[in-house]
Amino acid sequence: MKPGINRTIGLSLFIFMCIIVWWSITTDYGDDKHSQLSKNSHYIELFMNEFELTAMNEEGKPSYLMTGLYMQRYNNSDVAEVKKPVLHILQPDNQWLISADTAVINNKSDTIQLKDNVVMQQQNVVPALTMHTQKMLINTKTQIARTRTQVKIVQGTSRLNAKGIIYNNITSKLELLSNVNGFYIPGDTDAK
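Quick summary incoming for the structure in this document. Source: prediction; values computed, not measured.

Reading the values: rules and limits
- Residues numbered from 1 in each chain as written.
- Predicted model: local features only at pLDDT ≥ 70, side-chain atom pairs only at ≥ 80, totals over all residues.
- Heavy atoms only, no water.
- Core = buried A, V, L, I, M, F, W, Y, C linked by side-chain atoms within 4.5 Å.
- Buried < 20%, exposed > 50% of the residue type's maximum accessible area, 1.4 Å probe, protein only.
- Contact = heavy atoms within 4.5 Å.
- Helix = DSSP H or I, 4+ residues; strand = E, 2+ residues; numbered from the N terminus.
- Salt bridge = Lys/Arg side-chain N within 4 Å of Asp/Glu carboxyl O.
- Phe/Tyr/Trp six-rings, centres within 6.5 Å; stacked < 30°, edge-to-face > 60°.
- Pairing = 2+ DSSP bridges.

Membership of the largest hydrophobic core comes to 28 residues, with the highest contact counts inside it found for Ile 98 and Leu 114. When sequence neighbours within four positions are dropped, the list of residues in contact with Leu 114 reads Pro 85, Ile 98, Ala 100, Thr 102, Ala 103, Gln 134, Lys 135, Met 136 and Ile 138.

A word on the side chain of Ser 63. For Ser 63, the position within the fold is in strand E2 (residues 62-74). Leave out the neighbours within four places in its chain, and Ser 63 touches Ala 55, Met 56, Asn 57, His 88, Ile 89, Leu 90, Gln 91, Thr 140 and Gln 143.

What follows covers the pattern of salt bridges. Applying the stated criterion across every chain yields a total of 4 salt bridges. The salt bridge partner of Lys 141 is Glu 58, with a shortest N-O separation of 2.8 Å. With Lys 141 in the loop between strand E8 (129-139) and strand E9 (144-155) and Glu 58 in the loop between strand E1 (44-56) and E2, the pair connects residues that are 83 residues apart, well separated along the chain. The shortest N-O distance in the salt bridge between Lys 108 and Asp 78 comes to 3.4 Å. Of this pair, Lys 108 sits in the loop between strand E6 (102-106) and strand E7 (111-122) while Asp 78 sits in the loop between E2 and strand E3 (79-83), placing them 30 residues apart in sequence. By relative accessible area, which is 68% here, Lys 108 ends up exposed.

This paragraph deals with the environment of Ile 170. Structurally, Ile 170 can be placed in the loop between strand E10 (158-168) and strand E11 (173-183). Once the C-alpha coordinates of Ile 170 and Ile 144 are considered, the two residues, 26 residues apart in sequence, prove to be 8.0 Å apart.

Moving on: the packing of aromatic side chains. Two descriptors summarise a pair of aromatic rings, namely the distance from one centre to the other and the angle between the planes of the rings. Applying the stated criterion across every chain yields a total of 2 aromatic pairs. For the pair Trp 96 and Tyr 167, a centre-to-centre distance of 5.1 Å together with 65° between the ring planes defines the contact as edge-to-face. Remark: Tyr 167 occurs in strand E10 and Trp 96 occurs in strand E5 (residues 95-99); sequence separation between them is 71 residues. We classify Tyr 167 as buried; its relative accessible area is 4%.

Most of the time, phi is negative for any residue but glycine, and the peptide bond is trans. Put simply, Val 126 and Pro 127 share a cis peptide bond, and its omega is -5°. Among the structural elements, Pro 127 can be located in the loop between E7 and E8. Phi angles above zero are rare outside glycine, and Glu 50 is one such case at about 40°. One can find Glu 50 in strand E1. For Asn 117, which is not a glycine, the phi torsion comes out positive at approximately 55°. Assignment of secondary structure puts Asn 117 in strand E7.

A separate point is the environment of Leu 160. Take Leu 160: it is sitting in strand E10. Residue Leu 160 is classed as buried on the basis of its relative accessible area of 19%. Sequence separation between Leu 160 and Phe 183 is 23 residues, and the spatial gap between their C-alpha atoms is 5.9 Å.

Time to look at the pairing of E5. Burial along E5 is one-sided: the residues Trp 96 and Ile 98 are buried and none of Gln 95, Leu 97 and Ser 99 is. Where strand E4 (residues 86-90) lies against E5, 5 bridges are found, and the strand directions are antiparallel. Pairing of Ile 89 across the sheet is with Trp 96, part of E5. Linking E4 back to E5 in an antiparallel pair, the connection comprises 4 residues.

Structure (structure tokens):
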């Protein structure tokens, strides 16, 4: 090759490399774009395996205790998802043990939504009242449990079925919403 052509190619490569280096050092790769990405991305912010959680009431006394196999909460969500939750309502006179396949805890609305194979069993009472359903929403402040799904209620030899219930744990009032059938034996003390 001729020396003039080599010099032109060399000078062209040098100028091209200078432009690439200048472009790479002046391009803004600032943290703003990365922080924007992390704010908009969906990721698990908190998780626990085989956990125990105690929630306190306004007086500083335990309101409820929850255990579970796994809990997770995403960064951009107000809810925590729980697998195999077991909820212990700790009101002195009306204690309940509630289990399900999954739960969603929403601290903003003070609710726990239990789903699939929900069993709500009264504690420290003979015979205990047990309710079986597929969904149950519990307000942890008002201690009201409600569902619109089919509910099977058992206490001793008494058996009731209803489509939906509202249960107030503070007043012990149980309201059966619709399609009620079965039999109730007052004073039933059979603890089977």
